[in-house]
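Coordinate analysis (summary)
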Number of protein chains: 2
Amino acid sequence: MASPPLVPVLAVVGVGLIGGSLTLALKRSGAVGKVLGVGRQLKSLRRAQELGLIDEVATLEQAAQQADLIVLATPIGAMASTLKSLRPHLRDHTLISDAGSTKVDVVSVAREALGDRIGQFVPGHPIAGAETVGPEAARADLYDGRNVILTPLEENSVSARERLIAVWEACGARVMLMDPATHDEVLASVSHVPHFLSSVFMWQVASSANSDQRFALAGTGFRDFTRIAAGSPEVWRDIFLSNREAVLGQLQEVRQALDQAEQALQDQDGQALYEFLERAALARRFWASRSGLQ
Amino acid sequence: MASPPLVPVLAVVGVGLIGGSLTLALKRSGAVGKVLGVGRQLKSLRRAQELGLIDEVATLEQAAQQADLIVLATPIGAMASTLKSLRPHLRDHTLISDAGSTKVDVVSVAREALGDRIGQFVPGHPIAGAETVGPEAARADLYDGRNVILTPLEENSVSARERLIAVWEACGARVMLMDPATHDEVLASVSHVPHFLSSVFMWQVASSANSDQRFALAGTGFRDFTRIAAGSPEVWRDIFLSNREAVLGQLQEVRQALDQAEQALQDQDGQALYEFLERAALARRFWASRSGLQ
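Residues numbered from 1 in each chain as written. Chains lettered and ligands numbered in written order. Predicted model: local features only at pLDDT ≥ 70, side-chain atom pairs only at ≥ 80, totals over all residues. Heavy atoms only, no water.

Turning next to the nonpolar core. One finds Phe196(A) and Phe196(B) to be the most contacted residues of the largest nonpolar core, which totals 138 residues. Of all hydrophobic cores here, the second largest spans 38 residues; its members include Leu22(A), Val71(A), Ala99(A) and Leu142(A). (Core = buried A, V, L, I, M, F, W, Y, C linked by side-chain atoms within 4.5 Å. Buried < 20%, exposed > 50% of the residue type's maximum accessible area, 1.4 Å probe, protein only.)

So this is what it looks like as structure tokens:
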């Protein structure tokens with residue numbers, strides 16, 4: 001007799017790129033039995049069903065009553081109400097996780113919403129590109145070789161933690177454990193601050209008197225530097241508000257670096273400018289050679 | 001009898017991506033007769049000859065004596081000495097142009113070096129990617145559909161200006177005329193400032209105590225935002241020093257935009273944050289749809 005799958009019934013709340021790729025990856029590895037899809041837009045859920053991302057459309061109540069694992073792949077701003085709706089119907093063995101880009105805030109929201117069931121919530125964050133959206137964008141290989149961070153709570157049992165690790169490994173991902181505050185600082189640094197700076201820069205160019213002329217002469221460097229600024233304003237507003245302290249802290253450090261570099265330029269200090277540019281260039285080239293992201 | 005080519009003898013000083021692609025593009029369209037290559041490294045020139053970028057290796061003196069058009073595709077820092085070496089040997093009808101990323105400074109250097117022959121110098125700047133370097137990187141189609149800016153001087157004759165326009169159009173480029181100061185402001189905005197900010201950011205991450213952890217979690221957004229920071233420290237130091245005033249001016253405007261956006265985040269003003277992110281996102285998407293650079 002075949003052993004039961006790792007997750008007999010999975011429910012995904014928000015079946016877009018992140019949630020849909022999770023279901024495809026788990027189906028690919030035979031790690032999931034049935035997949036329930038929950039969401040605000042029935043049309044989008046029907047499309048997800050046609051695409052084979054989910055097996056059935058469900059409500060939050062049905063998800064809480066039937067699923068062994070519920071993954072929230074919604075904007076962070078929607079998590080409080082989602083968890084509150086799930087809570088009264090949760091079974092004892094059901095685990096909940098999420099894919100939110102910040103963790104301190106999500107953990108706080110989850111504690112508030114889940115109360116004494118907080119031990120069933122294992123916070124997570126898959127680090128995977130999100131430039132495309134919707135069920136059509138989902139891919140079974142999205143998480144292959146990518147990092148997924150879990151920030152387990154002290155209330156999580158060892159088995160809860162290990163089940164979540166196994167789920168993400170079944171998706172092809174590499175799981176890293178971290179505390180929520182470290183996660184938020186690191187993500188503020190390498191994800192949120194670049195988005196903030198790219199958007200500030202794009203805003204400044206677009207607001208200039210001769211923006212048409214500037215845009216006409218913008219080349220490939222501009223293209224790369226501003227690509228992230230095209231991201232969803234709703235999603236990123238939520239991320240910045242949710243990770244406000246850490247983002248402001250990192251921006252402060254970037255400002256200090258900017259002060260130094262600008263002073264070198266102001267002083268026409270070619271040697272200091274060169275050393276600053278060289279350190280940045282060497283670090284970027286070293287990162288590219290190790291990350292696999294050219 | 002066939003009419004003579006647009007440029008009977010072309011000399012290129014610095015036969016890398018920019019210079020080599022120019023010679024290939026002109027050969028492709030039959031617009032050039034013979035191509036002389038000048039440079040510091042004989043090995044690199046021999047390679048350029050093997051690759052068909054140039055027909056003969058030459059000295060600056062030979063270039064000045066034989067060429068109808070001399071294009072300087074060297075770092076900006078090398079232009080003063082190059083022009084001084086060319087000057088005593090120049091014939092009256094020979095034109096000189098360049099591919100430098102700044103124009104006010106280059107024009108000033110050229111006036112100083114060329115003296116009463118300044119009318120023979122028509123400053124230019126092809127806006128084309130330079131992430132790869134060396135003769136191997138040269139491509140005949142590099143300039144197809146790309147913008148080339150010329151910043152003609154009042155001393156240039158109409159025919160000098162028109163010859164340069166014809167040369168770049170023969171390369172497949174779109175020629176735009178601009179005064180040097182406007183060129184420098186626009187390029188400071190859409191090219192130099194992004195490079196400066198990307199390098200500052202990369203420097204800050206690399207200088208953090210937990211940089212390894214940060215780099216391990218950096219994803220595709222980080223990759224795009226920092227790609228330009230890998231560029232040559234020598235080349236970019238020269239560009240920043242050469243366009244110092246305009247870069248500092250644009251950085252000042254970016255700082256003002258950053259102040260506003262940061263204040264909105266500090267104040268947890270979701271509406272102001274949203275409007276700022278939305279304006280940036282819409283501008284970026286609109287630019288992508290029109291520029292052909294996705």
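And the narrative resumes.
A word on the environment of Ser211(A). Residue and element names in this part refer to chain A. In this structure, Ser211 sits in helix α8 (residues 211-217). Judged by relative accessible area, Ser211 falls into the buried class, the value being 13%. Distance in space between the C-alpha atoms of Ser211 and Asp68 is 53 Å, their sequence separation being 143 residues. With residues near it in sequence (within four places) discarded, Ser211 still touches Val205 and Ala206. (Helix = DSSP H or I, 4+ residues; strand = E, 2+ residues; numbered from the N terminus. Contact = heavy atoms within 4.5 Å.)

On to the packing of aromatic side chains, then. According to the stated counting rule, one finds 17 aromatic pairs over all chains in the structure shown. Between the aromatic rings of Phe215(A) and Phe222(A), the centroid separation amounts to 6.2 Å while the plane-to-plane angle is 70°, which identifies the pairing as edge-to-face. Relative accessible area serves as the criterion here: at 16%, Phe215(A) is assigned to the buried category. In this structure Phe222(A) comes out as buried when scored by relative accessible area, which is 1%. Judged by centre distance (4.9 Å) and plane angle (65°), the rings of Phe222(A) and Trp287(B) are edge-to-face. Taken together, the residues Phe222(A) in helix α9 (residues 220-226) and Trp287(B) in helix α12 (residues 270-291) connect one chain to another. An identical accessibility class is assigned to Phe222(A) and Trp287(B); each is buried. (Phe/Tyr/Trp six-rings, centres within 6.5 Å; stacked < 30°, edge-to-face > 60°.)

Another aspect to go through is the interface of chain B and chain A. Between chain B and chain A, the residue contacts involve 89 residues of the former and 89 residues of the latter. For the pair chain B and chain A, the summed buried surface comes to about 8,800 Å²; carbon and sulfur atoms form 68% of the total. Counting across the chain B and chain A interface gives 8 salt bridges. Here Arg227(A) and Asp224(B) are joined by a salt bridge, their closest N and O atoms 3.1 Å apart. There are 31 residue pairs in polar contact (both at pLDDT 80 or more) connecting chain B and chain A. At the level of elements, β8 (147-150), α7 (180-206), α8 (211-217), α9 (220-226), α10 (233-242), α11 (244-266) and α12 of chain B are the ones that each hand at least two residues to the side of chain B that touches chain A. Partitioning the side of chain B that touches chain A into residue classes produces 47 nonpolar, 24 polar and 18 charged. (Buried area = accessible area lost by both parts, 1.4 Å probe. Salt bridge = Lys/Arg side-chain N within 4 Å of Asp/Glu carboxyl O. Polar contact = N/O pair within 3.5 Å; in protein donor to acceptor, adjacent residues only side chain to side chain. Nonpolar A, V, L, I, M, F, W, Y, C, P; charged D, E, K, R; others polar.)

Moving on: the pattern of salt bridges. Under the definition given, this model contains 36 salt bridges over all chains. Between Asp116(B) and Arg87(B) there is a salt bridge whose closest N-O contact spans 2.6 Å. Of this pair, Asp116(B) sits in the loop between α5 (104-114) and β6 (121-122) while Arg87(B) sits in the loop between α4 (79-86) and β5 (95-98), placing them 29 residues apart in sequence. You can call Arg87(B) partly exposed: its relative accessible area is 26%. Each member of the salt-bridge network shares a partner with another, and the members are Arg223(A), Asp224(A), Arg227(A), Arg223(B), Asp224(B) and Arg227(B).

We now examine α5(B). Residues and elements named next belong to chain B. Listing the buried residues of α5 in full gives Val106, Val107, Ala110, Ala113 and Leu114. Down the axis of α5, the buried set is contained in an arc of 135°. They therefore lie on one face. Directly after α5, the chain includes Gly115, whose backbone phi takes a positive value near 60°. (Arc of directions from axis to C-beta.)

Residues and elements named next belong to chain B. One can find Val133 in the loop between β7 (124-126) and β8. Residue classification places Val133 among the exposed positions, given a relative accessible area of 67%. C-alpha of Val133 to C-alpha of Ile18: the two residues are 115 residues apart in sequence and 8.5 Å apart in space.

Let's shift gears to the UniProt feature "transmembrane region" (unreviewed entry) in chain A. Under the UniProt annotation, the feature "transmembrane region" (unreviewed entry) is placed at residues 6-26 of chain A. As annotated, residues 6-26 of chain A comprises 48% helix and 33% strand, and the C-alpha atoms at either end are separated by 9 Å. (UniProt positions renumbered as here; feature names shortened; annotations may be inferred.)

Moving on to helix α1 (residues 17-28) of chain A. Residues and elements named next belong to chain A. For α1, built from 12 residues, the straight-helix expectation of 16 Å at 1.5 Å per residue is met to within 8% by its first-to-last C-alpha distance of 16 Å. The buried fraction of α1 amounts to 10 of the 12 residues, a majority that puts the element mostly inside the structure. Among the residues of α1, Leu17, Ile18, Gly19, Gly20, Ser21, Leu22, Thr23, Leu24, Ala25 and Leu26 are the ones counted as buried. Along its buried surface, α1 packs onto β1 (7-13), β2 (32-38), β4 (69-72), β7 (124-126) and α6 (158-170). Where α1 ends, the next residue or the one after it, Gly30, has phi of about 65°, a positive value. (Expected span 1.5 Å × (residues − 1).)

Attention shifts here to unusual backbone geometry. Comment: phi is negative for the bulk of residues other than glycine, and the bulk of peptide bonds are trans. Phi at Gln268(A) is positive, roughly 55°, even though this residue is not glycine. Tracing the backbone shows Gln268(A) in the loop between α11 (244-266) and α12 (270-291).

At a minimum axis separation of 8 Å, α12(A) and α7(B) run at an interaxial angle of 70°. Between α12(A) and α7(B), the interaxial angle falls into the category roughly perpendicular. Residues Leu273(A), Phe276(A), Leu277(A), Arg279(A), Ala280(A), Ala283(A), Arg284(A) and Trp287(A) of α12(A) pack against His195(B), Phe196(B), Ser199(B), Val200(B), Met202(B), Trp203(B) and Ala206(B) of α7(B). Of the residues belonging to the contact of α12(A) with α7(B), the class tally is 11 nonpolar, 2 polar and 2 charged. (Axes fitted to C-alpha atoms, helices over the stretch in contact; angles between N-to-C directions. Parallel < 35°, antiparallel > 145°, perpendicular 65-115°, else oblique.)

In this section: the relation of the copies chain B and chain A. Between the two copies, chain B and chain A, the superposition gives an RMSD of 0.0 Å; the rotation angle is 180° and the shift along the axis is 0.0 Å. On the angle and the small slide along the axis, the relation comes out as a two-fold axis. Scanning chain B for the C-alpha nearest the rotation axis identifies Phe225(B), at a separation of 2.2 Å. (Least-squares fit on C-alpha atoms with pLDDT ≥ 70 in both.)

Moving on: the side chain of Asp224(A). Inspection of the secondary structure puts Asp224(A) in helix α9. Since its relative accessible area comes to 2%, Asp224(A) is described here as buried.

With that out of the way, let us pick up the sheet that holds strand β4 (residues 69-72) of chain B. Residue and element names in this part refer to chain B. Ordered by their spatial adjacency, 6 strands build an open sheet running β3-β2-β1-β4-β5-β6, and the pairing between neighbours is parallel. The open sheet has two edge strands with one neighbour each: β3 (56-57) and β6. Across 6 bridges, strand β1 (residues 7-13) lies against strand β2 (residues 32-38) in parallel orientation. Considered in β2, the bridge of Ala11 is made with Leu36. Its contacts with the sheet place α4 against β1, β4 and β5, and it is angled at close to 160° to β4. (Pairing = 2+ DSSP bridges.)

A word on the packing of α7(B) against α11(B). Residue and element names in this part refer to chain B. The N-to-C vectors of α7 and α11 enclose an angle of 70°; their axes lie 9 Å apart at closest approach. By the angle between their axes, α7 is roughly perpendicular relative to α11. Crossing of α7 against α11: the hand is right-handed. Here Asp184, Glu185, Ala188, Ser189, His192, Val193, Phe196 and Leu197 of α7 come into contact with α11, specifically with Ala246, Val247, Gln250, Leu251 and Val254. The residue inventory of the contact of α7 with α11, partitioned by class, reads 8 nonpolar, 3 polar and 2 charged. (Left-handed = near helix turned anticlockwise from the far one by under 90°.)

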